Amino acid sequence: MIDLTTQYMKLALKNPLVASASPLTESVDNLRRLEDSGIAAVVLPSLFEEQLMLESVLLDQDLSRGADEFAEAITYLPNLESYNTGPEGYLGLIHRAKQAVAIPVIASLNGTTPGGWIRYAREMEQAGADAIELNLYSIETDPHKSSEAVEDRYCELVHQVKAGLQIPVAVKLSPFFSSMVHVARRLDNAGADALVLFNRFYQADFDIENLEAAPRLVLSDPCELPLRLHWVAILYGSVRPSLAITGGVHRAEDVVKCMMAGAQVAMMTSALLQNGVRYPHRILDDLVRWMTEHEYESIQQMRGSMSYRAVPNPGAFERNNYMKMLSSYALRVR
Amino acid sequence: MTKAMAIVDGNEAAASVAYRLSEVIAIYPITPSSPMGELADQWMVEGRKNNWGAVPQVVEMQSEGGAAGALHGALQAGSLATTFTASQGLLLMIPNMYKIAGELTPAVIHVAARSVATHALSIFGDHSDVMAARQTGFALLASGSVQEAHDLAAIAHASTLEARVPFLHFFDGFRTSHEVNNLFLLSDEDLRAMIDGQAVRHHRERALRPDRPVLRGTAQNPDVFFQAREACNAFYLACPTIVQGVMDRFASQTGRSYHLFDYAGAPDAERVMIVMGSAVGPAEETVEWLNAHGEKVGLLKVRLFRPFAVQALMNALPRTTRAVAVLDRTKEPGSVGEPLYLDVVVSLAEAGRNLRVIGGRYGLSSKEFNPAMIKAVFDELRSSAPRNHFTIGIHDDVTHTSLEYDPAFSTERPDTVRAVFYGLGSDGTVGANKNSIKIIGKQAGKYAQAYFVYDSKKAGSLTVSHLRFGPQPIRSSYLIDKANFIGCHQFPFLERMDVLSRAVPGASVLLNVPFAPAEVWNHLPRKFQQQVIEKRLRVFVIDAYAVARDSGMGRRINTIMQTCFFAISGILPPADAIAAIKKAIEQTYGNRGEAVLKRNFDAVDQALAHLFEMQIPDRVTAAFDILPPVPPSAPEFVRNVLGEIVAGRGDDLPVSALPPDGTFPTGTAKWEKRNIAQEIPVWDEQLCIQCGKCVLVCPHAVIRAKVYDSSLLANAPLSFKIAKPRWREFQDLRYTLQVSPEDCTGCALCVEICPAKSKSEAKHKAINMAPQAPLREPENKNWDFFLSIPEFDRSRLSHSQVKDVQLLEPLMEFSGACAGCGETPYIKLLTQLFGDRLLVANATGCSSIYGGNLPTTPYTTNASGCGPAWSNSLFEDNAEFGLGMRLATDQQTAYARHLVAKFADPIGGELARAILEADQSQESGVAAQRERVMELKRQLAAMDTNDARDLLAVAGSLVRKSVWIVGGDGWAYDIGFGGLDHVLATGANVNLLVLDTEVYSNTGGQMSKATPRGAVAKFAMGGKRTVKKDLAMEAISYGDVYVACVAMGGGDTHTVKAFREAEAYNGPSLIIAYSHCIAHGYDMVFGMNQQKAAVLSGYWPLMRYNPALNLEGKNPFQLDSKPPSIPLKDYVYQEARYTILARTNPEAAAQLLREAQEDVQRRWRVYENRASMPGSGAGNGRRLEDISQKPEGVAAGEPEGGAK
């Protein structure tokens, strides 16, 4: 019997396959189906504090527009008792998810203000989340803000959020750090229980007919996986937090690669969106088949086996783009 | 005894009781009573229970007639039922009121009394509506204050059950319905104590029930009807005693005592005034003042007007009374006197009391009625021959009915603080003042009152808030004209109006200024500076917009100014005031999220640090003064009458200044430069492709295009922009796109629709918004020059191309519609295409308000003096009204043709033949006919016969007329549907334009049958559960009605084509035009984008059904938009009317969205099937152009010559 179990932070998972945050995990029915198809844990879509704030302001504008301007129409929309402008909807989702599935439910948070990060994280814990993934997603456009200041802020946030929680905290990162290992080490010191590599986020695409820039999210494909493998392989063994790969995981072979690089879990979104919530079944079947064919007994056995520390040619992780990969014999030199 | 206190307005005061004492509430929105129905609906949705532990059923009907019918039915079936209404709404209820009263059915109708439309519509308060119902058999009970609206509502409900006479409980529209004042609340226990359970049971026992059947509503014959009618007398005779008994029970329960007639004043008064309604407050104030100054006067307040209790009146009137003045807030032309006066005269005569009685009219349409006027009436009573049938409060220089009064007289108490605030509707001043008055009124020992005066325009509207507070209850139901505090929240107002005229010496003034404190003085007009010095005013300034910007509040300065007001007035210690303001903010905006609260709190915290008191110089230094309301070049009537109204001096106009029949000149909006845009569009002539879309969508006709000869540019201002026309045929001419800077509302629809973008900077378009202030002067000069350029020759343009339509002169301009309005572009297009031959019948609603609300109105004329002739009859009858216009026009044409034939000799056979045989199917033909008719008139003028004079009177009808019946969805889908349906069925050549905003926009967004499934609206707070009515298919079912569904943002050429086809079709036409609206809950700059999304989603399929195609053997049904390409969700979830349901009830929203998506698909399938059906084949052998025997047949879509 092949042992697929893995330990992600404090969570004991039946296999390394986790559904990452996406519109799929917004529906409790989908969560049920994902659990039925073998997924080991789910990450709910992110609660964006900025979105809550923006929606609050826009709602106020919508309800205020035209009000008290004309004697016949003091208002234009009915005044409802509550508009659920806070995190209640999200907390309700956590609650319903916990009722619906037995697998761990990881809440995801993208804050804006220090107070918001801490408060919402606590409320998520109280709502029953098994862990929290901090979605450290910010796009810095201020030319006066240094990378160090950004990293300081991230670490301080992780520290503050951790201080108020019992449940583990994962930190989801973007790949755009000058010194990824250093950042990982700092987040480790700040108390992160896991690092999730990497965020994929909306980037503006150009509509050249209408000369407009519109945010667009394209689904991932397997060619995005190597970047994740690269950094997990480097980080494996050098930091305490669990490692998770998200982005580019589409097949059982990809899961194997994630594990070999040193990840505790492999997270999927695009493949689920493309293939449906039953897809994990197939991945897991393929995973077992592959492991059987290659005579692996457990996930644990392969974890980190291809990491920076474990490969015979770590130079592959260090060199820049040489002009010709095929002739780069130097890659093989220790 | 109850002591719970609240601060509410009169509508809420009455509705709170009515709701708790009713089981069925049938309503229909009408100003100023709408809030009563809205509150009832809200409470129902919130699950509030009535006094019997059930949640009442609130149902919105299709009209007040419908509401009265439902009320009647509910009563007959044994429920306790009520309704709320006003004005025309009450008139529509009258037939049922006779029935309800005739059947001795306990019921209460609560009325916010409002003027009935006569020479003009007015939404304001007087008693003409309730007086029109006084003969129905309903008892009439009058409240004069917010407290009384609450108390007498309960007394009405209790009395009707015991008396079996139905009650109409009324209070003055706006003055009481919208006044905010302190109120001792009636608890549920109080109400229980008031209602006789036995009477309720008796009412239920009389109900129609199959297990104990009876029959009502018989038809009776001459033998018995009369006797049966007299059989109710005993109930009416008993009613006053029952009411007094209920009032006495109320007094013992609450401590507040009422009588059928309440007397106040000197027990030995010689002169007594008799009034009812809100006038009793100032009258009582005046009586107290006069008696304190040695006079002996009294006031008789009428509570129960019907049944009129003669003996009670006699008992209440002091025996010492020698002269009585009876004041009516209504006018009955041709009567001996107004109703209350007549009743008092008859009562005194029957009682044998020989007193001097005079009657007078006051306060029509919320006209001020204040102590100065009341004193004048008492003074008149003292004269040896007091004037009877007088008016007070106006200057009647025609029939000389008015009494003089001294405006300086005042009874204001020195311990009452009086504050007046001038704000913009959009800056939140009114909302903040509502909160302020609640904060103050909740302090121990403080009484407070607030009243708000709104603008007649919807865009950039001025609001004036009148706040009083002090240690005594406030009865002063009139505007403040002696203020201790003046707040002006918008600096530009200072150049438009004299905001200090109300300031008393020593008053404090708070200004929101866009300058540093030291710079402010030099920007103040001369009159302002003068008054500051002479009245020794203290002036405080703050740059509130800077504070608002820094705290993320945008342009909402309300809480900032509110904080300053509290700080300056010292009503509360600063810390307490700030805490109270924040608490009020939390109560008002708490449900909108934390970010909103935080921003408001930040603004409050920042305010005082930016508040400064000005050092006042000792002399006037300003070289400029307040601008005249209209320029000196305006016509005399505009200068002398409309300009005075614009300036806020309409109250001072004498009777002779005003047209006696409600007829006004058109083309007056252009004289009122409102100057309300912060930013205006600026044209980049290099980039512009001259597509005309900006001109087409501009709701206020402030962007115009002209093509003209370059020789006309000789005197052009230097900054006047020109471009080479992008028409092949006009290459030698010049093109200009010009904006009117002082008429623009800054809505930016034009910029959003502009398709031309810079190749080097994508955000830069061919038209871009820029700050107005530096552009105002140069662009004004450019605008004036632009207007001096002659209009382009219409015959050289293709009227079916948007690009060419931009060059057609709009004959509707600068209306008071909301900035970014989705309706007005359609009407403007109508006037561009057919304006010079247009008759408009306009249903009451937004389009009648921005189309016809004084002071200035938007319909105008071309250089020949031709333009739309416009009228509004009612809300419910518009289709019929327009049909009447068509019939009259056709009839006069027939008569004129008969006379022309008769006159063939004297006028010349050639002219007569040309006139009679004229082909007016094309616009050029219409123009030629107009020339012939002018020649005819010239000749007729020289003839001295009756036939010649008769023909002269109707000669104009020989030129083809286009009758358009315009209104909103409330009219077309609901209240006017019966008429609309009938007019469509007549086959008459009329065109109906439905400006479909999918709610009652003008009255504040109530659900209509056009409201789509899933949208939240008033009376559909949980999202509308049923599908929108497919009015197009209903009309198509007739087969011979031209029908089009258009959306300018989804297909502008399609819109133009549909308008032209509709007008060309010689039969009834119906255009349903998607109109984005402020009530949809999003920034209207995106209005056209939303229209496009509506079309792309398939929600609003563009279609035309042209019966004329039948004759060509073609399928008349044409589906003009492509199959749905985006999900409905992508369209609807851009609008708050949908998203607030997704927030509050996501499950219901998801379900309704699914159903609405199915609606779209189902409708699309039906339309697609209809469009794909084959036509009848070869037709009847006639081609389309052959059938246009009548002059109306302009073939659709065909250019009329010129540029193609």
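For the structure itself, look to the data block above.
Residues numbered from 1 in each chain as written. Chains lettered and ligands numbered in written order. Predicted model: local features only at pLDDT ≥ 70, side-chain atom pairs only at ≥ 80, totals over all residues. Heavy atoms only, no water.

*Asks:* What is the right way to read the interface of chain B and chain A from this model?
*Replies:* Accessible area lost on assembly of the parts is the figure often given for the size of an interface. Counting residues at the interface gives 50 residues for chain B and 35 residues for chain A. Taking both partners together, chain B and chain A bury about 4000 Å²; carbon and sulfur atoms supply 54% of that area. Among the residues chain B hides against chain A, the three largest losses belong to B:Asn591, B:Arg592 and B:Arg1143. Together they make up 19% of the total. Across the contact surface, chain B and chain A share five salt bridges. (Contact = heavy atoms within 4.5 Å. Buried area = accessible area lost by both parts, 1.4 Å probe. Salt bridge = Lys/Arg side-chain N within 4 Å of Asp/Glu carboxyl O.)

*Asks:* Honestly, empty space enclosed by the protein in this entry has me stumped. Any pointers?
*Replies:* Remark: the empty space left among the atoms is shown by a probe the size of a water molecule rolled over them. Residue and element names in this part refer to chain B. Going through the model one piece at a time under the given rule, you end up with 13 cavities of 30 Å³ or more. In this structure, the largest cavity spans a volume of roughly 400 Å³. For the largest cavity, the lining is made up of 37 residues, of which Thr844, Gly845, Phe875, Asn1002 and Thr1003 are closest to its centre. Of all the secondary-structure elements, those providing two or more residues to the lining of the largest cavity are α4 (87-102), α28 (846-852), β29 (962-968), α34 (969-975) and β31 (999-1000). With four residues, the single largest contributor to the lining of the largest cavity is α34. (1 Å grid on protein atoms, 1.4 Å probe; cavity = no way out; pocket = protein on both sides within 12 Å on 5 of 7 lines; lining within 4 Å. Points joined across faces, edges and corners; volume = space filled by probe spheres on them. Helix = DSSP H or I, 4+ residues; strand = E, 2+ residues; numbered from the N terminus.)

*Asks:* It is not clear to me how the pattern of salt bridges should be interpreted in this structure. Could you clarify?
*Replies:* Side-chain pairs of opposite charge can arise whenever the charged atoms involved come near each other. Residue and element names in this part refer to chain B. With the rule as written, the count across this model stands at 85 salt bridges over all chains. Note that glutamate 270 is salt-bridged to arginine 322, the shortest N-O span being 4.0 Å. Taken as a pair, glutamate 270 in the loop between β9 (261-265) and β10 (271-275) and arginine 322 in the loop between α12 (310-316) and β13 (323-328) lie far apart in primary sequence, 52 residues in all. Taking the relative accessible area as the measure of exposure, glutamate 270 reaches 34% and is therefore partly exposed. The shortest N-O distance in the salt bridge between arginine 949 and aspartate 944 comes to 2.7 Å. Judged by relative accessible area, aspartate 944 falls into the exposed class, the value being 64%. (Buried < 20%, exposed > 50% of the residue type's maximum accessible area, 1.4 Å probe, protein only.)

*Asks:* Looking at this structure, how should I read the pairing of strand β34 (residues 1069-1074) of chain B?
*Replies:* On a regular strand, one side chain projects to one face of the sheet and the next to the other, so that they alternate. Residues and elements named next belong to chain B. β34 sits mainly inside the fold: six of its six residues count as buried. With burial as the criterion, each face of β34 is covered, one bearing Ser1069, Ile1071 and Ala1073 and the other bearing Leu1070, Ile1072 and Tyr1074. Here six bridges tie strand β30 (residues 991-996) to β34, and the two strands are oriented parallel to one another. Counterpart to leucine 993 in the pairing with β34 is isoleucine 1071. (Pairing = 2+ DSSP bridges.)

*Asks:* Help me out: how do you make sense of the environment of B:Ser465 in this one?
*Replies:* Locating B:Ser465 in the fold gives a position in strand β18 (residues 462-470). Separated by 43 residues in the primary sequence, B:Ser465 and B:Tyr422 have C-alpha atoms spaced 6.6 Å apart.

*Asks:* Sorry, what's going on with the packing of aromatic side chains here?
*Replies:* Each pair of aromatic rings is reported with the distance of its centres and the angle of its planes. All names here are of chain B. A full pass over the atoms with the stated rule returns 34 aromatic pairs over all chains. Summarising the aromatic geometry, the rings of phenylalanine 720 and phenylalanine 785 are spaced 4.8 Å apart at their centres and angled 80 degrees between planes, so their arrangement reads as edge-to-face. Highlighted residues: phenylalanine 720 in the loop between β24 (703-708) and β25 (734-739) and phenylalanine 785 in helix α25 (residues 773-788), separated in sequence by 65 residues. Overall, the relative accessible area of 8% leaves phenylalanine 720 in the buried class. Taken together, the ring pairs connect Phe421, Phe469, Phe485, Phe565 and Phe566 into an aromatic cluster. Residue placement shows arginine 306 over the ring face of phenylalanine 305; its charged tip is 4.3 Å from the ring centre. The positively charged end of lysine 1029 is found above the aromatic ring belonging to phenylalanine 977, 3.5 Å away from the centroid. (Phe/Tyr/Trp six-rings, centres within 6.5 Å; stacked < 30°, edge-to-face > 60°. Lys NZ or Arg CZ within 6 Å of the ring centre and 35° of its normal.)

*Asks:* Just checking my understanding: could you explain the sheet that holds strand β35 (residues 1103-1105) of chain B for this structure?
*Replies:* Picture the strands of a sheet paired through backbone hydrogen bonds; they go either parallel or antiparallel. Residue and element names in this part refer to chain B. Pairing is mixed in the open sheet, where eight strands are placed in the order β28-β27-β29-β30-β34-β33-β35-β36. Every interior strand has two partners, whereas the edge strands, β28 (869-871) and β36 (1117-1119), have only one. Sheet twist, expressed as the mean angle between neighbouring strand axes with direction ignored, is 15 degrees. As defined by bridge partners, β35 adjoins β36 across three bridges and the pair is classed as antiparallel. Bridge pairing in β36 places methionine 1103 opposite leucine 1119. (Axes fitted to C-alpha atoms, helices over the stretch in contact; angles between N-to-C directions.)

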